[in-house]
Amino acid sequence: MSLTARVALAVGSLLLIGGVVVSLAAFAYGREAARETYDRLLVGAANAIAASITIVDGAPVVDLPMSAFELLALAPDDRIAYRVVGVNGETLTGYDDLALPDKRGRGDTSFFNASFFGEPARYAVVTRRFAERSLNGTVHVIVGQTLLARNALALDITRNVLFGLIISGTLLLLLAVLVVRSALKPLARIGEAFARRDPHDLTPMDTKVPREAAVMIQALNGFMARLDRQFSSMQNLISDTAHQLRTPVAALRAQADLAAEEADEDRRRAIVERIHRRSVSLGELLDQMLSRALVLHRSDSARREVVDLRDVALEVLESGDLQVLAPETDIQLDIGDLPVPVLADSPSLCEAAKNLLTNAVRYGRGPVRLGVSRDGETASLWVEDQGEGPPEAVQNSLGERFVRSAASDGKSAGLGLSIAKSVAEAFNGRLAFQKGQPSGSRVVLVFPLVEGVS
Amino acid sequence: MRIVRICLLFAVAFLQAEMLRAQEMTHLFGPEDAPRRLVIRSTTDTDVFAGVVEAFLAERPGVSVLYEQWGSNDLYGLTSKDCRSGEVGADVVISSGVHQMVKLVNDACAAKYQSALTRALPQALRWRDEVWGITREPAVIVYNRSGVPPADVPRTRFDLLDLLRPEDSPYAGKVATYDIEASGLGYLFAFMDSQEASTFGALLESLGRTGADATCCSAEIIEGVATGKYLLAYNVLGSYAEGLAREDDRIGIVLPQDYTLVLSRALMIPKQAGNMSDARAFLDFLLSQQGRTELRQALLIAPGLDGDSADAGEGISETALRPIGLSPSLLVALDRQKRDQFIRLWRGAFPGP
């Protein structure tokens, strides 16, 4: 069911229930109002008649005033009943068979319902007391009227209320539909904009939409940005891979060709040795490229959680990869007692640290130290060796993908640093180069310390 | 004194004649063996109403009309009795005593009926869709043309008072009006006068002081004026006067210019009517264009008083016309104490027989 239909149904049923309630209330009110209005007429007429009673020769005489009946004739189609009852219960004038009710309210004025020649009617009784020498007692004036005008007025009031209700209800319903339509218009616009979009266009959407829809647009834009980054990193990976692999693979083939044509056994062995070295190097390169792609992917998609940098350092050291790579190198661990929490993704950090460590082992000079420290609001994970550190050119152009120092000789220090830098930046940190303590050089991953976590 | 006594004797004789006639005069219109019979009881003279009834029957061969002529008080009493006992009497009751008709409706004696024609009536000429005003007849002053010099002809009630004021007024004892006890219509006119203006008290006093005559019936009063027995007659039903004045140039008619009461004879269909459908057809006929034309010819709708034209007969301004509306306030006129008081007041001026 469409939102419009839902709102219309909700508003409609609300109006219907409200309408029934209001109609009942209006009818009750209308009856009450009509009753009061015409009861006043009755009392007015009865009072006028009571006031016209005079005592003549000890007997009450009613000089029925025309005005009283003209008052009652304001209900133009209603029949009029009246009776004036004397002190001893005798009829002075009017309809003899109009009976005073047995139970009457207190006070000088009371009302009752009874029929008048077979038609329901409403009566008012007004009493007038006489305390004359010649007459002492109470005279009752009964005035009644049939109910046509009352019912008509009650019905009229109800009808007017209903009429207003129907009109306002219809307007309300139309308004509700209009409001829903106009409120949902941005959605249609957004949908249309998406439909028109080029499939490769992942730029952010225009967020000039109502606040409620902006939430969705922002989420969509975030999603698209992530998609865009992954998309481009995937592209980078492919083009890097192609670029990086072409040369070593061509070299391998050339060496293999040489080997095939070489007759001399020793020289052929030397060539095979070179082929082997080249393949190992190629494998490493491939590993690093894949790990970089993984890091880029994770930095976008993985959930951030609180990670203790000491755990990362320990994990890197204990993974044992370095023992395989350089079993002779001595690696020292330098971590404190306090936790060093940062908000990041543990596998990404491990990968970055591993790369830095590998670089230090491979290109620097021992002893190598892996450490974690906290300083004010920052947390650092660092790797230190006694070498010179990466050349200036490498430091400056860090993050470009194909940087490799001359010393690397086909081995990929540039990619390792690049990975570390990407990871640092993905978690609001940075990669820095510092002097070693007390000597040597140090590569540091600096992150903001997470507050309030012990 | 002797003259007064003789007048009273005359009055009694007329009264008795009127009552006798009221109960007996019936006339059958249409074929005697018609399958359907409509019984009309009316206060209108048979010969005045004959034309209307015949026009009604002209297109209805299967219907006959039994027309009974009654005095208004008797008609009221009889209809009321029929209503209480449930006895089937008249199918249509038409009376000039509209206050009595209103009382009958208030006592739930009438049947409801609505049609396009009844709805077209002004609100004042119908009540509860149970009683309708079908005629327009002014209450007029009638005078003897030879006995009253043109300069003396009273145009208003004040003129009449002025005529009667002098000690030696030639009009003393020469003025007649209805006896309100004998005539329901006379009572109604007098009662409406008493409600309408303060002139009524002065007029009653003047009439009483000059020994005016109160008698019962329109015909007798107008006859008296024609013969010179009376010089002036006050509050005479205009339709009769006009009818006689057309044949008798001794009679002059004045519509009082201070105000003129206009009576609409009331028609009701008793709830126990035996021939309801013809009764309704008769009502619709009276309200139709043809019926109105017939009523106009019978002078029951006075020229200029049928509400449509501004030319309100003999130069009477529209605002001076006081139609007697069919309203429950007419019940006051029939209230027994009110009636007793009013008649006592009246008898102060016109000591009865």
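All values reported here derive from a predicted model rather than from experimental measurement. (Residues numbered from 1 in each chain as written. Chains lettered and ligands numbered in written order. Predicted model: local features only at pLDDT ≥ 70, side-chain atom pairs only at ≥ 80, totals over all residues. Heavy atoms only, no water.)

A. The arrangement of the packing of helix H4 (residues 98–106) of chain B against helix H7 (residues 184–196) of chain B in detail. Residue and element names in this part refer to chain B. Between H4 and H7, the shortest axis-to-axis distance is 8 Å and the interhelical angle comes to 95 degrees. Judged by the inter-axis angle, H4 sits roughly perpendicular to H7. Side by side, H4 and H7 meet where Val 98, His 99 and Gln 100 of the first sit next to Gly 184, Tyr 187 and Leu 188 of the second. Residue composition of the contact of H4 with H7, by class: three nonpolar, three polar and no charged. (Axes fitted to C-alpha atoms, helices over the stretch in contact; angles between N-to-C directions. Helix = DSSP H or I, 4+ residues; strand = E, 2+ residues; numbered from the N terminus. Parallel < 35°, antiparallel > 145°, perpendicular 65-115°, else oblique. Contact = heavy atoms within 4.5 Å. Nonpolar A, V, L, I, M, F, W, Y, C, P; charged D, E, K, R; others polar.)

B. Here's a closer look at empty space enclosed by the protein. All names here are of chain B. Using the criterion set out here, one finds five cavities of 30 Å³ or more in the structure. Quantified by volume, the largest cavity comes out at close to 90 Å³. Elements represented by at least two residues in the lining of the largest cavity include exactly strand S8 (175–178), H7, helix H8 (199–209) and strand S10 (232–237). Residue composition of the lining of the largest cavity, by class: 10 nonpolar, three polar and one charged. (1 Å grid on protein atoms, 1.4 Å probe; cavity = no way out; pocket = protein on both sides within 12 Å on 5 of 7 lines; lining within 4 Å. Points joined across faces, edges and corners; volume = space filled by probe spheres on them.)

C. Representation of the interface of chain A and chain B in the model. Between chain A and chain B, the contact holds 27 residues from the first and 20 residues from the second. Carbon and sulfur atoms make up 48% of the area that chain A and chain B hide from each other, which totals about 2,000 Å². One can count three salt bridges joining chain A with chain B. For Asp63(A), the salt bridge goes to Lys338(B), with nearest N and O atoms at 2.6 Å. Taken together, the links from chain A to chain B amount to 17 residue pairs in polar contact (both at pLDDT 80 or more). Looking at the side of chain A that touches chain B, the elements that each hand over two or more residues are strand S2 (59–62), helix H2 (66–72), strand S3 (80–85) and strand S4 (91–94) of chain A. For the side of chain A that touches chain B, the residue count by class is 16 nonpolar, four polar and seven charged. (Buried area = accessible area lost by both parts, 1.4 Å probe. Salt bridge = Lys/Arg side-chain N within 4 Å of Asp/Glu carboxyl O. Polar contact = N/O pair within 3.5 Å; in protein donor to acceptor, adjacent residues only side chain to side chain.)

D. Representation of the nonpolar core. In this structure, Ile49(A), Phe69(A), Val143(A), Phe189(B), Leu232(B), Val236(B) and Ile324(B) are the most contacted members of the largest nonpolar core, which totals 105 residues. Here this core gets seven residues from one element, more than from any other, and that element is H7(B). Once you skip the residues sitting within four places of it in the chain, Ile49(A) turns out to touch Val62(A), Leu64(A), Pro65(A), Ala68(A), Phe69(A), Val84(A), Val141(A) and Val143(A). If you look at the next biggest cluster of nonpolar residues, it comprises 35 residues, including Val307(A), Val316(A), Val342(A) and Val368(A). (Core = buried A, V, L, I, M, F, W, Y, C linked by side-chain atoms within 4.5 Å. Buried < 20%, exposed > 50% of the residue type's maximum accessible area, 1.4 Å probe, protein only.)

E. Just the sheet that holds strand S11 (residues 368–375) of chain A, in detail. All names here are of chain A. Ordered by their spatial adjacency, five strands build an open sheet running S9-S11-S12-S14-S13, and the pairing between neighbours is mixed. Either end of the sheet is taken by a strand with one partner, and the two such strands are strand S9 (331–334) and strand S13 (430–435). Across the sheet, the axes of successive neighbouring strands diverge by a mean angle of 20 degrees, strand direction being ignored. Bridge count for S13 against strand S14 (residues 441–448) is six bridges, and the pairing is antiparallel. Along S14, the bridge assignment pairs Ala 432 with Val 444. Here helix H8 (residues 346–363) sits on the sheet in contact with S9, S11, strand S12 (378–385), S13 and S14, set at roughly 25 degrees to S12. (Pairing = 2+ DSSP bridges.)

F. Here's a closer look at the sheet that holds S4(A). All names here are of chain A. Overall, antiparallel pairing links the five strands, which are arranged S4-S3-S7-S6-S5 in an open sheet. The outermost strands of the open sheet, each flanked by one partner alone, are S4 and strand S5 (109–116). Looking at each pair of strands side by side, their axes are set apart by 20 degrees on average, direction ignored. Inspection of the sheet shows S3 paired to S4 by three bridges, in the antiparallel sense. Bridging across to S4, Val 85 finds its partner in Thr 91. Contacting S3, S5, strand S6 (119–131) and strand S7 (136–146), helix H1 (residues 3–51) runs over the sheet at an angle of about 40 degrees to S6.

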